Amino acid sequence: MRKHRLRLVVAVAAVLVAAGAGTASPAQAHDTQSTLADLAERHGRYFGSATDNPELTDTAYTAVLGSEFDMITPGNGMKWYASEPEPGVFDWSAGDEIADLARRDHQRLRAHTLVWHNQLPGWLTDREWTADELRAVLKRHILTEVRHYRGKVYSWDVVNEAFNEDGTYRETLWYKTLGPGYIADALRWAHQADPHAKLYLNDYNIEAVGPKSDAYYRLAQDLRAQGVPLHGIGLQAHLALQYGYPATLEDNLRRFSRLGLDTALTEVDVRMPLPADAEKLAEQADWYRDLTAACLAVRRCVGITVWDWTDKYSWIPAFFPGEGAALPWDEEFRPKPAYAAIRQAFGER
Ligand code: G3I
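This section reports on the structure supplied with the text. Keep in mind that what you see is a predicted model, and the values were worked out from it rather than measured.

Quick notes on the rules
- Residues numbered from 1 in each chain as written.
- Predicted model: local features only at pLDDT ≥ 70, side-chain atom pairs only at ≥ 80, totals over all residues.
- Heavy atoms only, no water.
- Buried < 20%, exposed > 50% of the residue type's maximum accessible area, 1.4 Å probe, protein only.
- Helix = DSSP H or I, 4+ residues; strand = E, 2+ residues; numbered from the N terminus.
- Pairing = 2+ DSSP bridges.
- Axes fitted to C-alpha atoms, helices over the stretch in contact; angles between N-to-C directions.
- Parallel < 35°, antiparallel > 145°, perpendicular 65-115°, else oblique.
- Contact = heavy atoms within 4.5 Å.
- Nonpolar A, V, L, I, M, F, W, Y, C, P; charged D, E, K, R; others polar.
- Near = heavy atom within 4 Å.
- Polar contact = N/O pair within 3.5 Å; in protein donor to acceptor, adjacent residues only side chain to side chain.
- Areas by Shrake-Rupley, 256 points an atom, 1.4 Å probe, with all protein chains shown as cover.
- Right-handed = clockwise from strand over helix to strand, strands pointing away.
- Phe/Tyr/Trp six-rings, centres within 6.5 Å; stacked < 30°, edge-to-face > 60°.
- Lys NZ or Arg CZ within 6 Å of the ring centre and 35° of its normal.

Quick word on the pairing of strand 3 (residues 108–115)
Next, step 1: Buried residues dominate strand 3, accounting for seven of its eight residues.
Next, step 2: Here two bridges tie strand 2 (residues 71–74) to strand 3, and the two strands are oriented parallel to one another. Bridge assignment links Ile72 to a residue of strand 3, and that residue is Leu109.
Next, step 3: Note: strand 3 against strand 4 (residues 155–160), four bridges, orientation parallel. In the sheet register, Arg110 faces strand 4, and the bridge partner there is Ser155.

Points about the packing of helix 10 (residues 211–225) against helix 11 (residues 249–258)
Next, step 1: Relative to each other, helix 10 and helix 11 sit at 10 degrees, their axes nearing to 10 Å. By the angle between their axes, helix 10 is roughly parallel relative to helix 11. In this structure, helix 10 uses Ser213, Asp214, Tyr216 and Tyr217 to contact helix 11, whose residues at the interface are Asn252, Arg255 and Phe256.
Next, step 2: Residue classes in the contact of helix 10 with helix 11 are distributed as three nonpolar, two polar and two charged.

Some details on the site of the ligand
Next, step 1: Surveying the vicinity of the ligand reveals 16 residues, the closest of which are Asn76, Lys79, His112, Glu267 and Trp307.
Next, step 2: Within the side chain of Glu267, a nitrogen or oxygen atom sits 2.7 Å from a nitrogen atom of the ligand.
Next, step 3: In the environment of the ligand, an oxygen atom lies 2.9 Å from a nitrogen or oxygen atom belonging to the side chain of Trp307.
Next, step 4: For the ligand, whose free accessible area comes to 790 Å², the fraction covered by protein is 53%.

Focus on the pairing of strand 9 (residues 301–306)
Next, step 1: Strand 9 sits mainly inside the fold: six of its six residues count as buried.
Next, step 2: Inspection of the sheet shows strand 1 (residues 46–51) paired to strand 9 by four bridges, in the parallel sense. By the bridge assignment, Ser49 is partnered in strand 9 with Val306.
Next, step 3: Bridge analysis of strand 8 (residues 262–273) against strand 9 gives three bridges, and the strand direction is parallel. When the bridges of strand 9 are listed, Thr263 appears paired with Cys301.
Next, step 4: Taken together, strand 8, helix 12 (residues 278–297) and strand 9 constitute a β-α-β crossover, and its handedness is right-handed.

Quick look at the packing of aromatic side chains
Next, step 1: If you walk through the whole model with that rule in mind, you get 22 aromatic pairs.
Next, step 2: Between Phe163 and Tyr216, the ring centres sit 4.8 Å apart and the planes meet at 80 degrees, which makes this aromatic pair edge-to-face. One end of the pair, Phe163, is in the loop between strand 4 and helix 8 (173–178); the other, Tyr216, is in helix 10, and 53 residues separate them in sequence. Tyr216 carries the same exposure label as Phe163, and that label is buried.
Next, step 3: Joined through ring pairs, the aromatic side chains of Phe47, Tyr61, Phe69, Trp309, Tyr313, Trp329, Phe333, Tyr339 and Phe346 make up one cluster.
Next, step 4: The ring of Tyr204 carries the charged tip of Lys212 above its face, separated from the ring centre by 3.8 Å.

Below, the structure is given as structure tokens:
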């Protein structure tokens with residue numbers, strides 16, 4: 001805990017210098033307080049943030065990233081297009097930069113992601129594969145990447161976004177060519193390459209009990225029954241004020257716990273139609289408070305990761321035009337009401 005506080009003093013100084021500010025500083029609100037990581041650790045949890053390589057030149061940004069969080073996740077740097085851009089040619093530069101940063105800042109690493117249908121290199125998507133060929137390609141990718149990061153990774157998002165909203169399998173390259181067994185295979189290969197990493201399935205819109213989270217529940221039951229190495233379910237939690245809060249989140253987390261699995265909120269943000277105003281920010285704060293409390297209420301919910309910490313680097317405005325303001329800090333790195341609400345959920349006044 002002390003480690004975080006010391007680093008926070010450095011972070012505050014860096015932000016002050018970067019802001020050139022003599023008056024109110026973005027970080028001043030919490031320069032004498034414990035960090036989110038400290039607060040989470042008191043509850044046996046972690047509090048993490050995604051990050052991405054281009055942002056790492058922003059020293060005011062990395063100061064907060066390195067002090068406030070005890071877990072980081074590469075938003076893009078370990079995805080297939082980055083790590084195996086040509087067949088059998090691996091490029092670790094982006095992923096290593098984030099892994100090195102985590103080590104420097106004494107943080108753990110949620111590695112993301114091995115098997116997905118997005119951000120695949122052209123060599124993989126621009127041709128037809130037989131099942132045998134694709135299986136061999138997938139196996140090589142997983143074994144090589146997981147081995148490369150062995151010993152540096154707390155958990156891997158092994159398979160990402162495998163289901164449709166109605167709970168049927170998403171018709172990805174993997175599913176269409178290999179059938180549903182690709183998920184168990186991927187988990188087994190990842191476990192072979194790093195027996196100590198916690199292996200997760202990860203998806204969005206599975207925060208509430210419903211057809212999509214039911215599909216994960218059934219799959220997790222099956223995989224556990226077959227002895228497949230699955231350790232956790234990642235609920236991304238890309239929430240939006242206009243769609244309502246997932247009121248059954250806590251029940252949902254609890255049912256996965258009862259299967260003997262960890263759960264984590266892995267990509268949290270709460271977007272809103274812009275412009276933000278006090279009322280929307282207050283509702284957003286309530287949601288951050290509630291989702292933090294839901295995780296704390298379920299013993300095997302191991303931690304929370306926000307999908308970056310500042311609106312400056314959020315993915316939302318580019319993907320949902322007219323929406324944004326989704327993270328606990330604004331674009332100028334000022335803590336928003338959501339930041340205080342998270343602290344409150346951890347029991348701080
Ligand atoms: O690297 C190129 C760059 O060369 C080019 O100049 C630039 C121009 O647009 O694009 C860059 O690629 C972007 C890439 O992020 C890296 O910055 C892509 O356009 C952009 O689409 C891509 O977005 C990422 C998105 O996944 C892709 O689906 C987001 O940053 C990343 O935060 C987001 O993360 C996903 C999780 O992996 C899974 N869950 C959902 C989550 C949000 O979509």
